[in-house]
Amino acid sequence: MQLLKYDVELRNLNKKFGSINAVDNLDLKIKQGEIFCLVGPNAAGKTTTIKLILGILKPEKGDSSIRVKGYDIPAEKNKLRKLMGYLPQRKALYDMLTARENIEFFAKAKGLSNSDAKINTSSMIKRLSLTEHQQKLAVHLSGGTQQRTALASAMVNNPQIAFLDEPTVGLDPVLRREFWEYFKQIARSQNTTILVTTHYLNEAEWADRVGVMRDGKLIAIETPQNLMEQTNQHNMENMFFELIKGETQ
Amino acid sequence: MRLTFLIMRRLFRTLSRDHRTVGLVVVGPPLFMVMFGIAFGGEIEHVPIAIINNDSDARVVIPYGNFTVFNETVSSLGDSITNTLDLDDPRVDVTHLTDYESAKKDVDNKKYACVVLIPVNFTYNLVSPLGSNISLEIYFDNSNPQVGGVVIQAIQESFQQATGEFRANLGFDVTYAYGEGISTLDFFTPGMIVYGVFFFSFMLVIMTLIEERRSGTLSLLLQCPYDKIEIILGYLAAFSIVSTIQTTLIILIAGLVFQVSLGVTIANYISLYIAAIIVGWTGLVLAIFLSAFARSEFQAVQFIPITIIPVLLLSGIVIPLSQIPEIIRWVSYLLPTTYSVNLLRQIAIEGYVLEPLNFGLLFQIGFVLMLVVASRLTLKEN
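Residues numbered from 1 in each chain as written. Chains lettered and ligands numbered in written order. Predicted model: local features only at pLDDT ≥ 70, side-chain atom pairs only at ≥ 80, totals over all residues. Heavy atoms only, no water.

I tried to follow the overall build of chain B on my own but got confused; where do I start?
On a plain count of helices and strands, chain B comes out with 15 helices and 7 strands. Principal-axis analysis of the C-alpha atoms places the extent of chain B at approximately 105 × 55 × 40 Å. The buried share of chain B, reckoned over its 382 residues, is 50%. Restricting to contacts in chain B with at least 6 residues of sequence separation, those with at least 24 account for 76%. Total accessible area computed for chain B in this model is approximately 19000 Å², and 64% of it derives from carbon and sulfur atoms. Considering chain B, the positive charge centre built from 21 side chains and the negative charge centre built from 31 side chains are found 22 Å apart. (Helix = DSSP H or I, 4+ residues; strand = E, 2+ residues; numbered from the N terminus. Buried < 20%, exposed > 50% of the residue type's maximum accessible area, 1.4 Å probe, protein only. Contact = heavy atoms within 4.5 Å. Areas by Shrake-Rupley, 256 points an atom, 1.4 Å probe, with all protein chains shown as cover. Lys, Arg positive; Asp, Glu negative; His and termini not counted. Charge placed at Lys NZ, Arg CZ, Asp CG, Glu CD.)

This is the structure:
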């Protein structure tokens, strides 16, 4: 079996909504086991990029290609779905199911056997500190706990690759840090590749590499440290404004 | 007052930007009135009946002692009755037959609403003082009392008109193919099962699916490694159980509170449940299909005028199909619920046991399959 160097390979990706270029000539490669963070302001094209990678949206016709885990997307998207975890921007939970029932439902919907679904659900509940909330209806959970439940539902199948769209939006700084520690932990222990988007610029420091997006374009790809060094800034937020200033000039 | 004015202005502004709502506000009331007007404004017409006319002209001789006071040929009253019904009465369409037993079978098979047997020497027996009492045989399908009442009225009026004063010897011998002693409630309950199950399946599913879309869970489900068809089948399976529960509740209340009988044998009841589950499916697949075109519960409710109202008015639940003007009756024949109502009435009133090749059943299953395929196409991942 051929060993894949890159889990995600995007070439010449374009997507338009009307006259707006939501994604503009995007090229990107993400290595196996890497935490890659797409960072940028709202409407930069981060969510559209994830939706293109998952085959939810179709790219513009032309010389573009999307390969994820060696599969050609969108043609082979069903094969990818068995291996992946996906957390959409909205907290997608069934209000009238408990936290545990939600996680277990998605475990089974992702193809796990009944016994594996139970084992993995219990493990995710423990791992994301949901034990005391597991029997509460999702509608009665706080925003942060709902987000943890949604993350547990996305990752319950121990995916080889995860696409997490703004997983930390609306969370307090403590919980945001916990989420990133979890991402690091599974990337190191399970070699899970993670593509995560955020508009909290400073959060991107936690990633292995960062892609900075603006107006559908990827304006920089580097490690956070290198990006900050190249722009002579001490945090990611300042780095971003420095980059934009450079672009505008 | 300032807030009242602000709210009024805000409501107009938001409503005017929702084009579908503007359409509903403008088109809805006229559409309602036209549908009600057409549906209730019609008369029951062109009900097929059969007549077997064995009567002929009668030579009537009335002697008085050694004299003859009346000696004339009287034209056949049977012909007169038949002509009145055939040519002058729009309520019935007459077919002339000769074999009574085979005509009765046609009534059993719903080809005719009734068969009237005008016997040999009908005119002679009525007109001649020497004539004997005569009984007119009618074999009658009263499974739809609204239609049955109109047919019997048309027949009686034509006999009154033709026989005039010569009615002393005439009696009617009515045998019921179906629906003897049927009450209004007996007749309407199967239609109410169809309406209740269809309405609740449709509304529950469209609301549930819009909530799934709005919350994002549907989008997540569509990212799972299964075909979309499994999502649709999951809904079908769950709401089949809901339809069964609803049917049971309606049967129990109709039977225990209002003494309506909806079946005699176990096979009748099983048929009733199968038919009711399929009604639920038709409402459900229509809801799944239409849910793709609604972004909110508010927009879902806007589908009621084009789904629930036509089902109530044009499926034969309240108004018989023969009363619906022909110009829109084709809509009735496209509605799966028309066949559901017919099927449930056959089961409940006539004791019919469902057969796999029943046309109404096949039509509904065809409708369900067609919309399952269409829904699979409209269930978009984004």
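What is the right way to look at helix α7 (residues 184–215) of chain B in this model?
Residues three or four positions apart in an α-helix share a direction because the helix packs 3.6 residues into each turn. All names here are of chain B. Taking 1.5 Å of rise per residue, 32 residues should cover 46 Å, and α7 covers 46 Å from first to last C-alpha, within 8% of that figure. At Pro 190, α7 shows its maximal bend, which comes to roughly 25°. Of the residues flanking the end of α7, it is Gly 216, one or two places downstream, whose phi is positive at about 95°. (Expected span 1.5 Å × (residues − 1). Bend = angle between axes of the 7 residues up to and from the residue.)

Honestly, the interface of chain A and chain B in this entry has me stumped. Any pointers?
For an interface, size is often stated in terms of accessible area lost upon the parts coming together. Between chain A and chain B, the contact holds 24 residues from the first and 16 residues from the second. Interface area, chain A with chain B, both sides summed: about 1600 Å², of which 56% is carbon and sulfur. Summed over the shared surface of chain A and chain B, the number is 0 salt bridges. Inspection of the chain A/chain B interface yields 3 residue pairs in polar contact (both at pLDDT 80 or more). The set of elements that each furnish at least two residues to the side of chain A that touches chain B consists of α1 (46–54), α2 (77–81), β6 (84–87) and α3 (99–109) of chain A. No other element matches α3 of chain A, which puts 4 residues into the side of chain A that touches chain B. (Buried area = accessible area lost by both parts, 1.4 Å probe. Salt bridge = Lys/Arg side-chain N within 4 Å of Asp/Glu carboxyl O. Polar contact = N/O pair within 3.5 Å; in protein donor to acceptor, adjacent residues only side chain to side chain.)

Is there a simple way to think about the sheet that holds strand β10 (residues 217–222) of chain A in this case?
In a beta sheet, neighbouring strands pair by backbone hydrogen bonds and run either parallel or antiparallel. All names here are of chain A. Sheet architecture is open: 6 strands sit in the order β6-β7-β8-β3-β9-β10, paired in mixed fashion. Two strands bound the open sheet, and with one partner strand each, they are β6 and β10. For this sheet, the mean angle separating the axes of adjacent strands, direction not counted, is 15°. For strand β9 (residues 209–214) and β10, the ladder comprises 5 bridges, and the chain directions are antiparallel. Across the sheet, residue Val 212 finds its bridge partner in β10, namely Ala 220. The strands touched by α1 are β3 (35–39), β6, β7 (161–165), β8 (193–198) and β9; relative to β7, the strand with the most contacts, the crossing angle is about 150°. Its contacts with the sheet place helix α5 (residues 143–155) against β6 and β7, and it is angled at close to 160° to β6. (Pairing = 2+ DSSP bridges. Axes fitted to C-alpha atoms, helices over the stretch in contact; angles between N-to-C directions.)

I would appreciate a short explanation of the pairing of β8 of chain A in the present structure.
All names here are of chain A. In terms of burial, β8 is a largely internal element, 6 of the 6 residues being buried. Because side chains alternate across β8, one face comprises the buried residues Thr 193, Leu 195 and Thr 197, and the other comprises Ile 194, Val 196 and Thr 198, equally buried. Where β3 meets β8, 5 bridges bridge the pair, whose relative direction is parallel. Each bridged residue has a counterpart across the sheet, and for Val 39 the counterpart in β8 is Thr 198. Inspection of the sheet shows β7 paired to β8 by 5 bridges, in the parallel sense. Residue Phe 163 lies in a different strand from β8, and its bridge partner there is Leu 195. Note on the crossover from β7 through helix α6 (residues 173–190) to β8: the handedness is right-handed. (Right-handed = clockwise from strand over helix to strand, strands pointing away.)

Sorry, what's going on with the packing of aromatic side chains here?
Here a ring pair, both rings aromatic, is described through the centre-centre distance and the interplanar angle of the planes. All chains considered together, the criterion is met by 19 aromatic pairs over all chains. Plain terms: the ring middles of Phe 240 of chain A and Phe 241 of chain A are 5.8 Å apart, the flat faces sit at 70° to each other, and that makes the pair edge-to-face. Between Tyr 235 of chain B and Phe 239 of chain B the ring centres are 6.3 Å apart and the planes differ by 10°, which places this aromatic pair in the stacked class. Placement of the pair is Tyr 235 of chain B and Phe 239 of chain B together in helix α9 (residues 228–256), with a separation of 4 residues, close to one helical turn. When sorted by exposure, Tyr 235 of chain B lands in the same class as Phe 239 of chain B, which is buried. Here a set of aromatic residues connected by ring pairs shows up, and it is made of Phe 179, Trp 180, Tyr 182 and Phe 183 of chain A. Directly above the ring of Phe 187 of chain B sits Arg 345 of chain B, whose terminal nitrogen or CZ lies 3.9 Å from the centroid. (Phe/Tyr/Trp six-rings, centres within 6.5 Å; stacked < 30°, edge-to-face > 60°. Lys NZ or Arg CZ within 6 Å of the ring centre and 35° of its normal.)

Whenever I open this one, a nonpolar patch on the surface confuses me. Can you help?
Together, Leu 3, Leu 6, Ile 7, Leu 11, Leu 15 and Phe 298 of chain B line one region of the surface with nonpolar side chains, adding up to about 540 Å² of accessible area. Of all the elements, helix α1 (residues 2–17) of chain B adds the most residues to the nonpolar patch, at 5 residues. (Patch = residues over 30% accessible without salt bridge, like charges linked within 9 Å, V, L, I, M, F, W, Y side chains within 5 Å.)

Sorry, what's going on with the nonpolar core here?
Counting residues in each nonpolar core, the largest one holds 98 residues, and the members touching the most others are Val 68 and Phe 163 of chain A together with Phe 202 of chain B. Both domain 1 (6–83 + 160–247) and domain 2 (93–158) of chain A contribute no fewer than three residues apiece to this core. Not counting residues up to four positions away in its chain, the partners in contact with Phe 163 of chain A are Val 8, Ile 50, Ile 53, Leu 54, Val 68, Met 84, Gly 85, Tyr 86, Leu 87 and Leu 195 of chain A. With 48 residues, the next largest nonpolar core counts Ile 35, Ile 186, Leu 201 and Leu 227 of chain A among its residues. (Core = buried A, V, L, I, M, F, W, Y, C linked by side-chain atoms within 4.5 Å. Domains from an automatic or database assignment.)

Would you explain the environment of Lys 184 of chain A in this entry?
All names here are of chain A. Tracing the chain through its elements places Lys 184 in helix α6. Looking at Lys 184, the relative accessible area reads 26%, which means it is partly exposed. When the C-alpha positions of Lys 184 and Val 68 are compared, they lie 21 Å apart, and in sequence the two are 116 residues distant. When sequence neighbours within four positions are dropped, the list of residues in contact with Lys 184 reads Ile 35, Trp 206 and Asp 208.

Please clarify how the domain arrangement of chain A should be interpreted in this entry.
Residue and element names in this part refer to chain A. What the domain assignment lists for chain A is domain 1 (6–83 + 160–247) and domain 2 (93–158). Look at where the C-alpha atoms of domain 1 and domain 2 centre, and you get two points 25 Å apart. Counting residues at the interface gives 17 residues for domain 1, matched by 10 residues for domain 2. Across the interface of domain 1 and domain 2, roughly 1100 Å² is buried in total on both sides, 62% from carbon and sulfur atoms. Sorting the residues of domain 1 by area buried against domain 2 places Phe 179, Tyr 182 and Gln 190 first, and these three jointly supply 43% of that buried surface. If you look at where domain 1 meets domain 2, you find 0 salt bridges.

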